[in-house]
Amino acid sequence: MKITPQDLKEIPDFINVPKEQLQWLIDNSYVQLFRQGEFFFNKGEVVEKLSLILEGKVDVKFEQNGNYKIVGQIRKNSIAGLLPFSRMSSIMGYGEVVEDTKALFLDKTFFKEMISNYYELTESLVHNMTSRVRESTKNNVQSEKMMALGKLSAGLAHELNNPASAILRSAKALKQHLGNVPEKFKKITSIRISEQQVDRLNSILFEKINNRPENKMKLIERNAKEEELEEWLEEHGLENAYELTETFLDFCMGIPEMKEIYNITEDQNFSHAIEWIENVLTTEKMVDEIEEASDRISNLVQSVKSYTHMDKASEKVVTNIHIGIKSTLTMLNHKLKRKNIILEKDFQKDLPQPKIFVSEINQVWTNLIDNAIDAMDHSGILKIKTRKDNEFIKIDIIDNGHGISEENLHSIFDPFFTTKSIGKGTGMGLEVVQRIINQHQGDIKVASKKGETTFTVCLPIN
């Protein structure tokens, strides 16, 4: 079948190219047919030809640890292969023919003549190249952002579930607890003590509430004290002593405080006074638990706002770099806890604040810290260090994981390169990191050996 300039006009990029220039392209090209299942191109092949897909479909695949992932498709009326002024040298993936394909090929030896004599044809191909780069970059960044969002969403769901469950649990317990108050109030009203004695009891009670000491007792020590306190209370008329001891020890109230209360209330009022005090302390404890869980949720939401830079314009702003790192650590805290990883922070005080795109730089921290966590076994050590270096700030992210092999070290910033198994890495994380840092006129370097890998990010202050 003869190919005409009108056939090539069906390619959108060639609509405005004169017919005589398209005829020159046809005259200097050749047609090749590919059957379904064959390969249109293979990884590692040298790129030496411009190719126009006249019929058929080709799936573009990349290999990751022995598995293949489809990353795109070349269809009818598409332009592929080498383009004028392109620096492409070799093919990084595979092109598998999924429908019988007919393609027109032009060898790069004709590019010089084309550039010199056929302006519109050259312009259309260069325009295609810039569009290709723009779309590829957009898709890669979006893919990496979605993957990072998935990781953070899973972590946030886990982190938010714990305090939310604690609030629900404490609220139900508080409701049940308050349902018993009328019965306990009857017992309180039967107490016969003076106003001065009430003041002394209140003093003991609210001193513990307002200056609640931190309970640092170990489990064995606490169990022993609970048994001692329970035995003492039973000896002094408390039938439900085992129900009271946990709350008292939470507020560090032991036998000395019980003796003081006993001396104030005397024997006939002691049991009712103790139950009233325990009731107030229990209510206080439940309210504290709800408040603490609510604070955790509030802090997580604040970290999300800080991380995403919500309600802010998409422009460079002078920013405290530590805020973004801390927010990222909050987002990834579930992974740190799951692996029992020790975090060591060495942040320089009064570190100069660079002018950055906040959400983009936060994506850098996400990728680097997440990779460091993945590289470590259980109970690893993650170190993050910041410092000023002349007119730059430097951020070191160091892990004591398996390290990066020497043969992979030079490839880690290449697009689609990953050492992770299929589905666990896009191979775009570090490429995106490098692009964002270059966008800030900064630099990133890596040094690795077994047991220590250091990524150093360098950002200009001005």
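Residues numbered from 1 in each chain as written. Predicted model: local features only at pLDDT ≥ 70, side-chain atom pairs only at ≥ 80, totals over all residues. Heavy atoms only, no water.

1. A few points about the overall build of the protein
Put simply, the test is: Helix numbering and strand numbering both begin at the N terminus, where a helix is a DSSP run of H or I of at least 4 residues and a strand a DSSP run of E of at least 2. For each residue, the accessible area found with a 1.4 Å probe, counting protein chains only, is set against the maximum for its type, and the residue is called buried under 20%, exposed over 50%, and partly exposed in between. Per-residue and other accessible areas were derived by the Shrake-Rupley procedure at a 1.4 Å probe size, with only the shown protein chains allowed to occlude residues.
Counting secondary structure elements, the protein contains 14 helices and 13 strands. A burial count over the protein gives 40% of its 462 residues as buried. For the protein, the computed accessible surface area is about 25,600 Å², with 50% contributed by carbon and sulfur atoms.

2. Things to note about the pattern of salt bridges
Cut-off, in case you're wondering: By definition here, a salt bridge exists when the distance from a side-chain nitrogen of Lys or Arg to a carboxyl oxygen of Asp or Glu is within 4 Å.
Going through the model one piece at a time under the given rule, you end up with 12 salt bridges. Among the salt bridges present, the one from R222 reaches D250, with a minimum N-O distance of 2.8 Å. Of the two residues, R222 sits in helix 7 (residues 219–235) while D250 sits in helix 8 (residues 241–250), which places them 28 residues apart along the sequence. Here the two residues R222 and D250 agree in accessibility, since each one is buried. Between K394 and D389 there is a salt bridge, with the nearest N and O atoms lying 2.9 Å from each other. Connected through shared salt-bridge partners, R222, E226, D250 and K285 make up one network.

3. What about the packing of aromatic side chains?
Our working rule: Pairing of aromatic rings covers Phe, Tyr and the six-membered ring of Trp, with a centre-to-centre limit of 6.5 Å; geometry is then stacked below 30 degrees between planes, edge-to-face above 60, and tilted otherwise.
Per the counting criterion, the structure on display carries 11 aromatic pairs. With a centroid separation of 6.4 Å and an interplanar angle of 80°, the aromatic rings of W24 and F110 are classed as edge-to-face. Residue W24 is located in helix 2 (residues 19–27), and its partner F110 is located in the loop between strand 6 (94–107) and helix 3 (111–117); the two are separated by 86 residues in the primary sequence. Site record: aromatic cluster; members linked through ring pairs are Y30, F34, F40, F41 and F105.

4. Quick notes on the sheet that holds strand 10 (residues 381–389)
To keep it simple, the criterion reads: Should DSSP find at least two bridges between two strands, the strands are taken to pair. Fitted lines through C-alpha atoms give the axes, limited to the stretch in contact for helices. The angle between two N-to-C directions lies from 0 to 180 degrees. We call two residues in contact whenever any of their non-hydrogen atoms come within 4.5 Å of each other.
Read from one edge of the open sheet, 5 strands run 8-10-11-13-12, paired in mixed fashion. Bordering the open sheet on either side are strand 8 (342–346) and strand 12 (443–449), each of which pairs with just one other strand. On average, each strand axis in the sheet is tilted by 15° relative to the strand beside it, whichever way the strands run. Strand contacts of helix 10 (residues 321–331): strand 8, strand 10, strand 11 (392–399) and strand 13 (452–460), with the helix running at about 170° to strand 10, the strand carrying the most contacts. Docked against the sheet, helix 12 (residues 358–375) engages strand 10, strand 11, strand 12 and strand 13, running at close to 25° with respect to strand 11.

5. Some thoughts on unusual backbone geometry
The backbone phi angle of N77 is positive, close to 70°, even though this residue is not glycine. Among the structural elements, N77 can be located in the loop between strand 4 (67–74) and strand 5 (78–81). Within the chain, N390 stands out as a residue other than glycine whose phi angle is a positive 55°. Structurally, N390 is set in the loop between strand 10 and strand 11.

6. Quick notes on the nonpolar core
The criterion, for reference: Joining through side-chain atoms within 4.5 Å is the link that ties buried Ala, Val, Leu, Ile, Met, Phe, Trp, Tyr and Cys residues into a set, and such a set is a nonpolar core.
Counting 37 residues, the largest nonpolar core has L8, F14, L25, F40, L50, L52 and L121 as the members making the most contacts within it. Broken down by secondary-structure element, the contributors of at least two residues to this core are helix 2, strand 2 (39–41), strand 3 (49–64), strand 5, strand 6, helix 3 and helix 4 (119–179). It is strand 3 that provides the largest number of residues to this core, a total of 7 residues. Excluding anything up to four places from it in sequence, L52 contacts L8, I11, F14, L25, S78, I79, K102, A103 and L104. With 35 residues, the next largest nonpolar core counts L332, V364, M376 and V433 among its residues.

7. Concerning the environment of R200
Locating R200 in the fold gives a position in helix 6 (residues 195–210). In this structure, the C-alpha to C-alpha distance between R200 and E260, residues 60 residues apart in sequence, is 9.7 Å.

8. Looking at helix 10
Applicable threshold: We define a polar contact as two N or O atoms separated by no more than 3.5 Å, with the added condition that, inside protein, one atom must be a possible hydrogen donor and the other a possible acceptor, whereas residues neighbouring each other in sequence contribute only through side-chain atom pairs.
Taking burial as the measure, the 11 residues of helix 10 include 8 buried ones, the bulk of the element. By the N-cap criterion, in which a side-chain oxygen at the helix start approaches the backbone nitrogen of a residue two or three places on, helix 10 is capped by N320, the distance to H322 being 3.0 Å.

9. Comments concerning the side chain of Q21
Mapped onto the secondary structure, Q21 falls in helix 2. What makes Q21 buried here is its relative accessible area of 7%. At 2.9 Å, the side chain of Q21 and the backbone nitrogen of L121 are in polar contact. Residue contacts for Q21: discarding those within four places in its chain leaves Y118, Y119, E120 and L121.

10. Considering the pairing of strand 13
Burial of strand 13 is extensive: 7 of the 9 residues sit out of reach of the surface. When strand 11 meets strand 13, the two strands line up antiparallel, connected through 8 bridges. Pairing of I397 across the sheet is with F455, part of strand 13. By the bridge criterion, 7 bridges tie strand 12 to strand 13 in an arrangement that is antiparallel. Following the sheet pairing, I444 is matched in strand 13 by V457.

11. Quick notes on helix 7
As a reminder of what qualifies: Here a helix's expected span is defined as the number of its residues, less one, multiplied by 1.5 Å. Read the arc as the range of directions from the helix axis to the C-beta atoms.
Spanning 17 residues, helix 7 covers 24 Å between terminal C-alpha atoms, matching the ideal 24 Å at 1.5 Å per step. Looking only at helix 7, the buried set comprises R222, E226, L229, W232 and L233. On an axial view of helix 7, the arc spanned by its buried residues comes to 135°, and they lie on one face. Of the residues in helix 7, the exposed ones pointing more than 90 degrees away from the buried face are I220, E227 and E235. Immediately downstream of helix 7, the backbone of G237 shows phi near 95°, a positive value.

12. Let's talk about a negative patch on the surface
Put simply, the rule reads: To count toward a patch, a residue needs a relative accessible area over 30% and no salt bridge; like charges are then connected within 9 Å, while nonpolar side chains (Val, Leu, Ile, Met, Phe, Trp, Tyr) are connected within 5 Å. Residues scored as positive are Lys and Arg, those scored as negative are Asp and Glu, and His as well as the terminal groups of each chain are ignored. All charge positions are set by atom: Lys at NZ, Arg at CZ, Asp at CG, Glu at CD.
On the surface, a cluster of negative charge is contributed by E227, E228, E231, E234 and E235. Mapped onto the elements of the fold, E235 is located in helix 7.

13. Quick word on the environment of A103
Structurally, A103 is set in strand 6. Sequence separation between A103 and Y30 is 73 residues; the distance between their C-alpha atoms is 8.4 Å. Filtering out sequence-adjacent residues up to four positions away, A103 remains in contact with Y30, V31, Q32, F40, L52, I53 and L54.

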